[in-house]
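Residues per chain, in single letters:
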Amino acid sequence: MHLHQLDVKTAFLNGKLEEDIYMVQPPGYEKGGPQMVCHLQKALYGLRQAPRAWYTTLRGKLEGVGFRASDADASLFVLEKSEHKVFLLVYVDDILVASKSEQAVRDVKQLVGSLFDVRDLGEARFFLGMEITRDWEKGSIKLSQHKAVSNIIMRFGMGEAKLSSTP
């Protein structure tokens, strides 16, 4: 299984708002005087509606190019591409692309890149605090949170604590 990662740049700014939202003009930008407000056309980071607006935009564009949203998980999208399936797993602006076909992964990364401004991070190494290690000979993928756990231990001053086995 080939597993690559994409990062969508300024993801929430791609979301189109369904409701009318007005905001006070930011300091230094006061067109028409201080009593005027801005009518937002797109979602901004920090708006409660931003994640939903981004997801709606993402889902609509992915479904428009042939992806199908999973019934089991709203963050999983599947594309049946000739004899290969391609899986897209989305967490806010981070996307994992997985398929048995490396060419299908490349094609989907290019397709998603044509829909949004993305940064191709190549083969996935870290995702949501998990380290991803591959063994191509064995055909295995290993997920580990060793680094995250070590950081937590150090943050709480437990780096020098004595180990104890548990039953």
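Above this text sits the structure in question.
In short, a report on the structure. (Residues numbered from 1 in each chain as written. Predicted model: local features only at pLDDT ≥ 70, side-chain atom pairs only at ≥ 80, totals over all residues. Heavy atoms only, no water.)

Strand order in the open sheet formed by three strands is β9-β10-β11, with antiparallel pairing between adjacent strands. Here the strands that pair on one side only, and so sit at the sheet edges, are β9 (126-127) and β11 (140-144). Pairing of strand β10 (residues 130-135) with β11, which is carried by five bridges, proceeds in the antiparallel orientation. For I132, the partnering residue across the bridge sits in β11 and is L143. (Pairing = 2+ DSSP bridges. Helix = DSSP H or I, 4+ residues; strand = E, 2+ residues; numbered from the N terminus.)

Here we take up the nonpolar core. Counting 28 residues, the largest nonpolar core has F77, L88, I95, V97, V108 and V112 as the members making the most contacts within it. Listed by contribution, the elements that provide at least two residues to this core are β1 (2-8), β2 (16-24), α1 (50-64), β5 (76-81), β6 (84-91), β7 (94-99) and α2 (102-115). When residues of this core are assigned to their parent elements, the largest contribution, five residues, is made by α1. Once you skip the residues sitting within four places of it in the chain, V112 turns out to touch L6, L62, L88, I95 and V118. Of all hydrophobic cores here, the second largest spans six residues; its members include L3, A98, F127 and I132. (Core = buried A, V, L, I, M, F, W, Y, C linked by side-chain atoms within 4.5 Å. Buried < 20%, exposed > 50% of the residue type's maximum accessible area, 1.4 Å probe, protein only. Contact = heavy atoms within 4.5 Å.)

This part is about the packing of aromatic side chains. Applying the stated criterion across every chain yields a total of three aromatic pairs. Note on W54 and F116: the rings are 5.1 Å apart at their centroids and 75° apart in plane angle, and the pair reads as edge-to-face. Here F116 lies in the loop between α2 and β8 (118-123) and W54 lies in helix α1, a separation of 62 residues in the sequence. Given the relative accessible area of 3%, W54 is considered buried. Ring geometry for Y55 versus F77: centroids 6.3 Å apart, planes at 40°, classification tilted. Here Y55, found in helix α1, pairs with F77, found in strand β5; they are 22 residues apart in sequence, far enough to count as distant. The ring centre of W136 lies 4.0 Å from the NZ or CZ of R134, which sits over that ring. (Phe/Tyr/Trp six-rings, centres within 6.5 Å; stacked < 30°, edge-to-face > 60°. Lys NZ or Arg CZ within 6 Å of the ring centre and 35° of its normal.)

The next thing to look at is the sheet that holds β1. A sheet is described by the order of its strands in space; here six strands give the open sequence β4-β5-β6-β7-β1-β8, paired in antiparallel fashion. Two strands close off the open sheet at either side, each with one partner strand: β4 (68-69) and β8. Relative to β7, β6 runs antiparallel, the two sharing six bridges. Bridge assignment links L89 to a residue of β7, and that residue is L96. On top of the sheet, α1 reaches β1, β4, β5 and β6; it is set at about 10° to β5, its chief contact. Sheet contacts for α2: β1, β5, β6, β7 and β8; angle to β7, the most-contacted strand, approximately 150°. (Axes fitted to C-alpha atoms, helices over the stretch in contact; angles between N-to-C directions.)

Remember that the coordinates give geometry; whether it matters functionally is a separate question.
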